[in-house]
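Working through the structure, step by step
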Amino acid sequence: VQPLEWTTDLKNQNFDGIVLVTQSHDTLPSELECLKAPLLDYSSVDSGLGEEVVVMKVPGLPGNRLVFASTGPVNRDYDDIRRFSDAAINGTKRALKAGMRSPLLVCPPHKDYKNSTVVAALGALHALYMPLEVREGNIKPTDYKVCLLGLWAAQEAEGKRLVELTDALESGRLACRDIGGSDPERMAAPRVADYIQELFKDSPVQVEVISELKVLEKEYPCLAAVNRCANTVPRHQARVIKLQYCGEGPVQKTLMLVGKGITYDTGGADIKAGGVMAGMHRDKCGAAAVAGFFQILAKLKPKHLKVVGSMAMVRNSVGADCYVADELLVSRAGRRVRVGNTDAEGRMVMVDLLCEMKEKAVNETSPQLFTIATLTGHAIRAMGPNYSIIMDNGPAHRNKNAAQWQKAGEVLGDVFEVSNIRREDYEFHKGKSEYEDILQCNDLPSSATPRGHQTPAAFLIMASGLDKV
């Protein structure tokens, strides 16, 4: 993670410039009174001060430089805390362009957004992320875009907590970006396993990697079917990566996570044609998010919490040995599944791991099961590219799980839309003949299928046997 340092001193000479994130000079607290005059001065010659990022020369400040990145209004019906991260991203990029090597981010707390300072810090770190391949290729002189990122706080205790929380959250986001964003060869399944083992080698997170083909075929038959073609290429062979964290004290809640980790999605026999295959190295972001979450756990070490995770790292390759539509497979839960479309591989690699979690859950304290995936193009068609979707089964809905996630997401600007699983989604996946219990998918892309992001959730519930519990 980018080196961080907190300070209460605006004129700390460890830094070579200030990046100020707030709405305007009117929203500055008394501790930042010295920044009002430069902003008022500038606004007297440029009425567009709050509309774009500007750099000012301000003698007496670190590096004699002030970058002002306005959030714009934050009190309209449609505003949310992302205004602060957006402004911090833009301000940090401008600071880099100005040549700053040790910027000090100043984002005073906002009365309506109590986490605005953390969100702004995460925005700045997003702008400072150095891709894994760039770091490993020694393309740049160092692994960091700046030498140091400063975070201003009014009080010492506040500054210490800000750095601790920001560092932990960003360490998870960095691991997620490294795995999710890296190319299909750098993050092929065996190399993801290597990365994970290195990441957690001196941490409270336990790691187990399953690679033996016979074990995969016996324990996770649907995953093994997707892996069948890739298994002929040793560097593309599947891995199931299991993670476990158990905090201090009696366990009060158990989270059980299954992440989709398709290292590259060609679509398989139902190949992605017409230029839509590009970008499919990011089809592993569900598993990447699971890894990132465990990294945050390793840093923050929450008590009374147990978390179990499974990363389904598989490549959906195309070739003579790939699985095809019309095949009949028997899931771990004993459900007979008819393949309808090989490009619906994400649900296939997760379903047996979800079934395994279901089996373990009966012996856990207050278990909650989650699948996390870049599962369908329909999700983007329905909600746009900037929103994740969360859906509950019956028990989760009664506990208002999705609503709690949505509320938590709004606190840090990682926002969710809520969808519902309906009876039509279960009907959609019922077998169409006596050969099969369940139809895996129709023969259309999800984006061309009504309820194309809800029905896969019903499939996962049915094929894992969760509907029979």
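All values reported here derive from a predicted model rather than from experimental measurement.

1. Some remarks on the overall build of the protein chain
Summing up its helical and strand segments, the protein chain has 15 helices and 16 strands in all. In summary, the protein chain has a C-alpha radius of gyration of 24 Å against a globular reference of 23 Å for 469 residues, a match within 12%. Along the longest, intermediate and shortest principal axes, the C-alpha atoms of the protein chain span 80 × 55 × 45 Å. Relative to its 469 residues, the protein chain shows a buried fraction of 51%. Looking at the protein chain alone, contacts between residues at least 24 apart form 76% of all its contacts between residues at least 6 apart.

2. A short note on the sheet that holds strand S5 (residues 103-106)
Here six strands make up an open sheet; going across it, the order is S1-S6-S5-S2-S4-S3 and the pairing mixed. A single partner strand is all that each edge strand has here, and the edge strands are strand S1 (4-7) and strand S3 (54-57). This sheet shows a mean twist of 25° between the axes of neighbouring strands, independent of strand direction. Relative to strand S4 (residues 65-70), S3 runs antiparallel, the two being bridged by four bridges. Each residue of the ladder has a partner; that of Val55, found in S4, is Val67. Contacts from helix H5 (residues 156-181) reach S1 and strand S6 (149-152) within the one sheet, and its direction differs from that of S1 by about 160°.

3. So, the packing of H5 against helix H6 (residues 189-199)
Two elements in contact, H5 and H6, have axes separated by 11 Å at closest approach and are oriented at 165°. Here H6 runs roughly antiparallel to H5, going by the angle between their axes. With respect to the hand of their crossing, H5 and H6 are arranged in right-handed fashion. In contact with Leu174, Ala175, Asp178 and Ile179 of H5, H6 contributes Val192, Tyr195, Ile196 and Leu199.

4. Considerations on the sheet that holds strand S11 (residues 328-330)
The mixed open sheet is built from three strands, whose spatial order is S11-S12-S16. Pairing within the sheet leaves two strands with one partner each, and these edge strands are S11 and strand S16 (438-439). Bridging between strand S12 (residues 336-338) and S16 involves two bridges; their strand directions are parallel. Bridging across to S16, Val337 finds its partner in Ile438.

5. Details of empty space enclosed by the protein
Over the atoms a probe the size of a water molecule is rolled, and this reveals where empty space is left. Applying the stated criterion across every chain, the model contains one cavity of 30 Å³ or more. The space that makes up the largest cavity amounts to roughly 30 Å³. Considering the residues around the largest cavity, the lining is formed by Leu105, Val106, Cys107, Thr117, Ala121, Leu151, Trp152 and Leu162. Elements with a contribution of two residues or more to the lining of the largest cavity: S5, helix H3 (116-128) and S6. Of the residues in the lining of the largest cavity, the class split is seven nonpolar, one polar and no charged.

6. Examining H3
Counted at 1.5 Å a residue, the expected span for H3 with its 13 residues is 18 Å, and the 18 Å between its end C-alpha atoms agrees. Burial within H3 is extensive, with twelve of its 13 residues counted as buried.

7. Considerations on unusual backbone geometry
Look at His304: it is not a glycine, yet its phi comes out positive at around 60°. Mapping His304 onto the fold places it in the loop between helix H9 (285-300) and strand S10 (305-316). Even without being glycine, Lys400 reaches a positive phi, approximately 55°. Note that Lys400 resides in the loop between helix H12 (394-398) and helix H13 (401-412). The class for Lys400 is exposed, based on a relative accessible area of 56%.

8. Here's the deal with the pattern of salt bridges
Scanning the entire structure with this criterion turns up 33 salt bridges. Linking Arg228 and Asp321 is a salt bridge whose minimum nitrogen-to-oxygen distance equals 3.8 Å. With Arg228 in helix H8 (residues 221-230) and Asp321 in the loop between S10 and S11, this residue pair connects regions lying 93 residues apart in the sequence. A salt bridge links Arg332 to Glu359, with the nearest nitrogen and oxygen atoms 2.8 Å apart.

The rules behind the values
- Residues numbered from 1 in each chain as written.
- Predicted model: local features only at pLDDT ≥ 70, side-chain atom pairs only at ≥ 80, totals over all residues.
- Heavy atoms only, no water.
- Helix = DSSP H or I, 4+ residues; strand = E, 2+ residues; numbered from the N terminus.
- Rg over C-alpha atoms; globule rule 2.2 N^0.38 Å.
- Buried < 20%, exposed > 50% of the residue type's maximum accessible area, 1.4 Å probe, protein only.
- Contact = heavy atoms within 4.5 Å.
- Pairing = 2+ DSSP bridges.
- Axes fitted to C-alpha atoms, helices over the stretch in contact; angles between N-to-C directions.
- Parallel < 35°, antiparallel > 145°, perpendicular 65-115°, else oblique.
- Left-handed = near helix turned anticlockwise from the far one by under 90°.
- 1 Å grid on protein atoms, 1.4 Å probe; cavity = no way out; pocket = protein on both sides within 12 Å on 5 of 7 lines; lining within 4 Å.
- Points joined across faces, edges and corners; volume = space filled by probe spheres on them.
- Nonpolar A, V, L, I, M, F, W, Y, C, P; charged D, E, K, R; others polar.
- Expected span 1.5 Å × (residues − 1).
- Salt bridge = Lys/Arg side-chain N within 4 Å of Asp/Glu carboxyl O.

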